[in-house]
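Residue strings, one per chain:
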Amino acid sequence: MAEQHSSKRIMWATIGVAAVLIAIIYPLTVKNPGSAADASKGNDEADVRIQPVARFELAKAAPVASGPKDAATIYNSVCGACHNTGAAGAPKVDDKAAWAPRVATGKEALYKSALGGKNAMPPKGGAADLSDDEIKATVDYILGKVK
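Definitions and limits used
Residues numbered from 1 in each chain as written. Predicted model: local features only at pLDDT ≥ 70, side-chain atom pairs only at ≥ 80, totals over all residues. Heavy atoms only, no water. Axes fitted to C-alpha atoms, helices over the stretch in contact; angles between N-to-C directions. Helix = DSSP H or I, 4+ residues; strand = E, 2+ residues; numbered from the N terminus. Parallel < 35°, antiparallel > 145°, perpendicular 65-115°, else oblique. Contact = heavy atoms within 4.5 Å. Nonpolar A, V, L, I, M, F, W, Y, C, P; charged D, E, K, R; others polar. Phe/Tyr/Trp six-rings, centres within 6.5 Å; stacked < 30°, edge-to-face > 60°. Buried < 20%, exposed > 50% of the residue type's maximum accessible area, 1.4 Å probe, protein only. 1 Å grid on protein atoms, 1.4 Å probe; cavity = no way out; pocket = protein on both sides within 12 Å on 5 of 7 lines; lining within 4 Å. Points joined across faces, edges and corners; volume = space filled by probe spheres on them. Core = buried A, V, L, I, M, F, W, Y, C linked by side-chain atoms within 4.5 Å. Patch = residues over 30% accessible without salt bridge, like charges linked within 9 Å, V, L, I, M, F, W, Y side chains within 5 Å. Areas by Shrake-Rupley, 256 points an atom, 1.4 Å probe, with all protein chains shown as cover. Salt bridge = Lys/Arg side-chain N within 4 Å of Asp/Glu carboxyl O. Expected span 1.5 Å × (residues − 1). pLDDT = per-residue confidence, 0-100. Left-handed = near helix turned anticlockwise from the far one by under 90°.

J.: Could you give an account of the packing of helix H4 (residues 71-83) against helix H7 (residues 132-146), with specific residues and numbers?
T.: Viewed as axis vectors pointing N to C, H4 and H7 meet at an angle of 90°, and their least axial separation amounts to 9 Å. As the angle between them shows, H4 and H7 are arranged roughly perpendicular. Residues Ala71, Ala72, Ile74, Tyr75 and Cys79 of H4 pack against Glu134, Ala137, Thr138, Tyr141 and Ile142 of H7. Of the residues belonging to the contact of H4 with H7, the class tally is 8 nonpolar, 1 polar and 1 charged.

Encoded structure:
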């Protein structure tokens with residue numbers, strides 16, 4: 001008779017464990033009524049499930065200005081990044097003492113450095129699309145600030 005009670009306990013324990021597992025697993029597998037299909041403005045569920053993660057759209061670029069840029073614009077968009085902060089050893093535009101030996105070499109030497117690059121500065125300050133005349137005008141603009 002002891003074996004009979006033991007078998008009933010095992011049976012009830014098994015039923016209890018199964019009930020607990022069902023109580024945990026069932027809610028995780030049943031579809032939530034507030035699903036993505038409801039949030040998709042009436043699309044059916046299949047359309048919602050197969051939507052791409054991201055969308056990519058090509059657009060035409062804005063036309064590039066064809067005329068020459070003025071020196072102040074070039075300085076602010078290209079040169080100022082280093083010459084306003086002194087990055088990579090560039091002389092700050094407001095440091096007249098740092099510019100004095102450079103100004104003493106003359107405009108042509110400064111043009112050559114700006115066009116061909118010097119130390120950490122790449123040719124044309126990294127803006128290869130600028131013309132030589134635009135670079136020279138920008139050097140003149142900087143010289144006007146440092147003198």
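J.: Account for unusual backbone geometry, naming residues and giving values.
T.: With a phi close to 55°, Ala88 is a non-glycine residue in the positive phi region. Among the structural elements, Ala88 can be located in the loop between H4 and helix H5 (96-104). Despite not being glycine, Lys124 has its phi angle at roughly 55°, a positive value. By the element assignment, Lys124 lies in the loop between helix H6 (107-116) and H7.

J.: Can you explain the packing of aromatic side chains? Please cite residues and give values.
T.: Considering all chains together, one arrives at 1 aromatic pair under this definition. An angle of 50° between the planes, with centres 5.8 Å apart, marks the rings of Tyr75 and Tyr141 as tilted. Here Tyr75, found in helix H4, pairs with Tyr141, found in helix H7; they are 66 residues apart in sequence, far enough to count as distant. You can call Tyr141 partly exposed: its relative accessible area is 27%.

J.: An account of the layout of surface pockets is needed here, citing residue identities and associated values.
T.: Considered as a void within the structure, the largest pocket measures approximately 670 Å³ in volume. Of all the secondary structure elements, the ones that give two or more residues to the lining of the largest pocket are H4, H5, H6 and H7. It is H7 that contributes the most residues to the lining of the largest pocket, 5 residues altogether. In terms of residue class, the lining of the largest pocket is built from 19 nonpolar, 7 polar and 3 charged.

J.: So what's going on with the nonpolar core? Which residues, and what values?
T.: Nonpolar side chains tend toward joint burial in soluble globular proteins. Judged by nonpolar contacts, the single largest core of 15 residues is most densely connected at Val139, Ile142 and Val146. Put simply, the parts of the chain that give this core at least two residues each are H4, H6 and H7. Looking at which element gives the most residues to this core, the answer is H7, with 5 residues. With near-sequence residues (within four places) excluded, Val146 lies in contact with Val93, Lys96, Trp99 and Val103.

J.: If you had to explain a nonpolar patch on the surface to someone new, which residues and values would you point to?
T.: Together, Val17, Val20, Leu21, Ile24, Ile25 and Leu28 line one region of the surface with nonpolar side chains, adding up to about 600 Å² of accessible area. Structurally, the position occupied by Leu28 is in helix H1 (residues 2-29).

J.: Any details on H7? Residues and values, ideally.
T.: Given 3.6 residues to a turn, an α-helix orients residues that are three or four positions apart in the same direction. Look at H7: 21 Å from first C-alpha to last across 15 residues, which is about the 21 Å you get at 1.5 Å a residue. When we look at burial in H7, the residues that qualify are Glu134, Ile135, Thr138, Val139, Ile142, Leu143 and Val146. Where the residues of H7 are buried, they touch H4, H5 and H6.

J.: Quick one: what's the story with the confidence of the model for the protein, residue by residue and with numbers?
T.: Atom-level detail of predicted coordinates should not be read off regions where pLDDT is low. Looking at the protein as a whole, the pLDDT averages 82, with 84% of positions reaching at least 70. Across the protein, the element-wise mean pLDDT spans from 51 in helix H2 (residues 36-39) up to 90 in H6.

J.: Would you mind going over the packing of H5 against H7 in detail, with residue names and values included?
T.: The angle between the axes and the distance between the axes are what describe a pair of packed helices. At their nearest, the axes of H5 and H7 sit 10 Å apart, and the two run at 130° to each other. As summarised for this structure, H5 and H7 are arranged oblique, according to the angle between their axes. For the pair H5 and H7, the sense of crossing is left-handed. The residues of H7 that touch H5, namely those facing Lys96, Trp99 and Val103, are Ile142, Leu143, Lys145 and Val146. A breakdown of the residues in the contact of H5 with H7 according to their chemical character gives 5 nonpolar, no polar and 2 charged.

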